[in-house]
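# Chains, contacts and geometry: an overview
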Amino acid sequence: MRSSRSGRPDPYLLAVVPVAHRGLHGNGRVENSRAAFEAAIAAGHGIELDVQASRDGEAMVFHDARLDRLTAETGLVSARTAGELSGITLLGSDDSILPLAKVLRLVGGRVPLLIEAKAPRGNAAVLARAVAQTLEDYRGAVGVMSFNPGVPHWLERHAPQVLRGLVVSEAEKRGLRGRLERLASLAWAEPDFLAYDVRDLPSKLAGAFREAGKPLLTWTVRSEADRARAGAHADQVIHELPVDV
């Protein structure tokens, strides 16, 4: 991966092509599945995916805290081991839940990769450590991001070679209190990049971050209006737009 002047990877490499949200899913492809990732690679798009920690501390590719929506199983992802989760099939497909390590081998540095760590407040270290360890031998443009500022904070202290990002939405907390909390999260996380809710753009916080020379990606772009807004106020989209593959 190309390095910046600091010797660390250049975060703008994460923004060179559009990024498919949870892979290029739809048309029979399930989110966060092998098929969705292969489709994104075929289209030349980057991949955004989600990881949860298994009961035995492995990074598993799955969005929800519970299994119910996307599998025939019920209960928390965190209550199952990595081996158990790997044997669970995603509804509407022949694909199963994937360990992050398998996705890294599949992608192999061919497209940029954004890994969103789904870590509850106060429990960032286990998942951040699992992701960082899995990435140790990976060669390719990759960033790890989270709503929880504890994830990028842990990475800054323990795995500074990994590009770290903060996921931000202003929708849940408006007003002065929300702004102060976002500023505190930004200071704690010290992110290399932001992934910002497209509904909040333009934003003073996002604009200031971008003007400071750091990349701003925006999610989830689902319409031409979203794309136009992103084009005016961000460096790249994390999208669910139609793509022919």
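Calculation rules
- Here, residues in each chain are numbered from 1, in the same order as that chain's written sequence.
- With the structure being a predicted model, the display of local features is reserved for residues of pLDDT at least 70 and the display and counting of side-chain atom pairs for 80 or more, all residues being used for whole-chain, interface and lining totals.
- By convention in this description, side-chain values take in all heavy atoms of the structure and omit both hydrogens and water.
- What makes a patch is a set of residues exposed beyond 30% relative accessible area and free of salt bridges, joined within 9 Å when like-charged and within 5 Å when nonpolar (Val, Leu, Ile, Met, Phe, Trp, Tyr).
- The Shrake-Rupley method, run with a 1.4 Å probe sphere, supplies the accessible areas, and residue values consider only the shown protein chains as cover.
- The working definition used for a salt bridge is a side-chain nitrogen of Lys or Arg within 4 Å of a carboxyl oxygen of Asp or Glu.
- Partly exposed describes any residue whose relative accessible area lies between the buried limit of under 20% and the exposed limit of over 50%, with all areas from a 1.4 Å probe on protein chains only and scaled to the type maximum.
- UniProt positions are given in the numbering used here, feature names are shortened, and annotations may be inferred rather than shown by experiment.
- Going along the chain from the N terminus, every DSSP run of H or I of four or more residues is numbered as a helix, and every run of E of two or more is numbered as a strand.
- Orientation is described by axes fitted as lines to C-alpha atoms, over the contacting stretch for helices, and by angles from 0 to 180 degrees between their N-to-C directions.
- Every angle not falling under 35 degrees, over 145, or within 65 to 115 is termed oblique; those three ranges are roughly parallel, roughly antiparallel and roughly perpendicular.
- What makes a crossing left-handed is the near helix being turned counterclockwise from the far one by less than a right angle; a clockwise turn instead makes it right-handed.
- Residue contacts follow a heavy-atom distance rule, with two residues in contact if any of their heavy atoms lie within 4.5 Å.
- Polarity classes work like this: nonpolar for Ala, Val, Leu, Ile, Met, Phe, Trp, Tyr, Cys and Pro, charged for Asp, Glu, Lys and Arg, and polar for all others, with Gly in that last group.
- Only strands that DSSP links by at least two bridges are regarded as paired with each other.
- Crossovers are described as right-handed under a simple rule: with the strands pointing away from the observer, the path leading from the first strand over the helix to the second runs clockwise.

Named according to an unreviewed UniProt entry, the protein is Glycerophosphodiester phosphodiesterase originating from Sphingomonas parva.

Next up on the list: a nonpolar patch on the surface. Together, Leu 176, Leu 180 and Leu 183 make up an exposed nonpolar region whose accessible area comes to about 290 Å². Residue class for Leu 176 comes out exposed when judged on its relative accessible area of 63%.

This part is about the UniProt feature "domain: GP-PDE" (unreviewed entry) in the protein. With numbering matched to this structure, UniProt assigns "domain: GP-PDE" (unreviewed entry) to residues 16-245. Helix makes up 33% of residues 16-245 and strand 20%, whereas the separation of the span's terminal C-alpha atoms amounts to 19 Å.

Further remarks concern the packing of helix H4 (residues 124-134) against helix H5 (residues 150-158). Where H4 meets H5, the closest approach of the two axes is 9 Å, and the angle between their N-to-C directions is 55°. With respect to H5, the element H4 is oriented oblique. Regarding H4 and H5, the two cross each other, and that crossing is right-handed. In contact with Ala 124, Ala 125, Ala 128, Arg 129 and Ala 132 of H4, H5 contributes Gly 150, Val 151, Trp 154 and Leu 155. For the contact of H4 with H5, the class distribution of residues is seven nonpolar, one polar and one charged.

Taking every second residue as pointing to the same face, both faces of strand S10 (residues 236-239) are buried, with Gln 236 and Ile 238 on one and Val 237 and His 239 on the other. Both strand S1 (residues 19-21) and S10 contribute to a ladder of two bridges, which runs parallel. Note that in S10 the partner of Ala 20 across the bridge is His 239. Tracing the backbone out of strand S9 (residues 216-221), into helix H8 (residues 224-233) and back to the parallel element S10 gives a crossover that is right-handed.

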